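Observations on the three-dimensional arrangement
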Amino acid sequence: MPTMLPARQFSALRLADVLTSSLDAICGRPNPLGLPAVRRAVVILADGLGVSSIRARAGHARFLSSRLNKSSIIDGVFPATTAAGIATLTTGVEPGQHGLVGYQVVDGAHDRVVNQLTGWDDNMQPATWQRARTVFDRAADERVPSFAIGPKRFVGSGFTQAVLRGARYVPADKVADRFAAARSILNENPTALIYLYVAELDVAAHAHGWESDRWLAQLENLDSEVTRFAATLRSDEGLLLTADHGVIDVPSNRHVLFDTEPALVTGVRHVAGDPRCVQLYLEPLQSAVTADTLAYAWRASQGDRAWVYTRAEAVAAGLYGRVAEEVLPRIGDVLVAARKSIAYYDSRPVNQNARGMIGQHGSLTDEEVRVPLIRAGSFER
C-alpha cells in the first residue's frame, strides 16, 4: 500500500505577516517582513493569483513579474482556500487559531455542513465563529484608521463581518474604482491602513480556468492598474500585493467520484472541504470505522495521487498551525488533499453545480500554496 507522504514545510515568510507587518511599519516598529517606516500602507489581495501563474504569463504581467524573485514568494495556508487565506491575512494568525479551517466545514453543535464564505447565520455568528482579533481592530488601538475596499455585494456579509471587522468598508465594483478609492483615502488621511480586494481573477479561473483568455484579460487589467497606482505612491506610502492561494485547471475528465467506491464513504456522516481538499467526518454513533481505518482505505485506493491525513496527523504535522481546542472538531476526521491534477466529488447530492468549475484549489501543491509578495513604493526600497 502507498505510504503517506509528509506534509510540506511552509516557508519562513508567511501570509499571516503581511498585513500585521504593514501596521507595524505605520507604527514605526520592527516587523517580520522588514518593512521600513511609512505613514500609509496598502495591501492588495488578488484572489487566486499564484506564483506559478504569474511566471507562466509573465509577458502579460510585466509589473508583477518584474518584481517576482526569491524574496517575493511566500506560502499561503492550508487548506489553500479563500476563507482560510483571507482570515489569516486579516488576523495575522493561522487557521487553527482563527477557526476558518476550510471552505466548508462541519458545525458540530448543529450537525450540519456550513459554508464559511456564504453560510453565515444566527447559529454561526461572525463575531464569535471567527475567533481572533483582526489587524484592523489592532489598528484602532493605535489610532490608525483602516479601510477595506471591495465589491459592493460584500458589504455587510457574514464573511466581511468575520474577517474585516474594525475596518471601514468602501464599496467599489470596478477594479479601477477600487484603486481610485485607495488613492483618495491616502490623500485624505495622515495615516491609513488599506486592504484592497480583487476577486476577478478567482472568479474567471473557476468559470473558465486560469489558462483561459478571460483569466488572462483580468491579469492584464490588474497589472495595468497596479502599475498606474504604484506610480502615484509618495515617499511615505508603501504597497504590498499578495494572494490567498493559487489555482490549477482540472478538466471534467479528471473528476474522481469517490462515493462510487464504498470503502471510501462507509461510516462517513458529512463530506465538506473543497474538491481538492476533501474533509470527511465520521458517524459519531458507530465504532466499526475509525479515522485510522478510513484513512487506510483512502491510502490504499488514492495514495498515489493524494495526501491522506487523519485529523491527529494533520494537526501534528502543523498543517493548520497551532490548533485551539474549540477549532479541532471543525477539522475533518480524515483529510484528502489531491497531489495530481484531479478533483474529488461526491456524486450523491442532487446539486452537482460545483462540478462545472475548471479552476480549482485547496491542496498542498506549490501551484496552490505559493503566492506572491510584491512590494512597491517605500516598501520596495
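As a starting point, this report considers the structure included with it.

The rules behind these values
Residues numbered from 1 in each chain as written. Predicted model: local features only at pLDDT ≥ 70, side-chain atom pairs only at ≥ 80, totals over all residues. Heavy atoms only, no water. Pairing = 2+ DSSP bridges. Helix = DSSP H or I, 4+ residues; strand = E, 2+ residues; numbered from the N terminus. Axes fitted to C-alpha atoms, helices over the stretch in contact; angles between N-to-C directions. Buried < 20%, exposed > 50% of the residue type's maximum accessible area, 1.4 Å probe, protein only. Parallel < 35°, antiparallel > 145°, perpendicular 65-115°, else oblique. Left-handed = near helix turned anticlockwise from the far one by under 90°. Contact = heavy atoms within 4.5 Å. Nonpolar A, V, L, I, M, F, W, Y, C, P; charged D, E, K, R; others polar.

So, about the sheet that holds strand β18 (residues 374-377). The strand order across the open sheet built from six strands is β6-β5-β7-β1-β8-β18, with neighbouring strands paired in mixed fashion. Edge positions in the sheet fall to β6 (168-171) and β18, since each has one partner strand and no second. Pairwise comparison of adjacent strand axes, ignoring direction, gives a mean angle of 20° for this sheet. Here strand β5 (residues 146-150) runs beside strand β7 (residues 192-198); their pairing, made up of four bridges, is parallel. Within β7, the position partnered with alanine 148 by the bridge is tyrosine 195.

Moving on, we come to unusual backbone geometry. Cis peptide bonds are those with omega within 30 degrees of zero, and the linkage from phenylalanine 78 to proline 79 qualifies with -10°. Mapped onto the secondary structure, proline 79 falls in the loop between β2 (73-75) and α4 (82-91). Backbone geometry places aspartate 111, a non-glycine residue, at a positive phi of 50°. If you trace the backbone, aspartate 111 turns up in the loop between β3 (104-107) and β4 (112-115). On the basis of relative accessibility, which here comes to 37%, the residue aspartate 111 falls in the partly exposed class. Positive phi, close to 60°, is recorded for arginine 143, a residue that is not glycine. Here arginine 143 lies in the loop between α7 (135-141) and β5.

In this section: the packing of helix α9 (residues 175-188) against helix α11 (residues 213-231). Think of two packed helices as two axes; the pair is described by the angle between the axes and how far apart they sit. One can describe the packing of α9 onto α11 by two numbers: an axis separation of 10 Å at closest approach and a directional angle of 20°. Put simply, α9 runs roughly parallel to α11. The interaxial crossing formed by α9 with α11 has right-handed handedness. Along its contact with α9, which presents Val175, Ala176, Phe179, Ala182, Arg183 and Leu186, the element α11 presents Asn221, Leu222, Glu225, Val226 and Phe229. Here the contact of α9 with α11 is composed, by residue class, of eight nonpolar, one polar and two charged.

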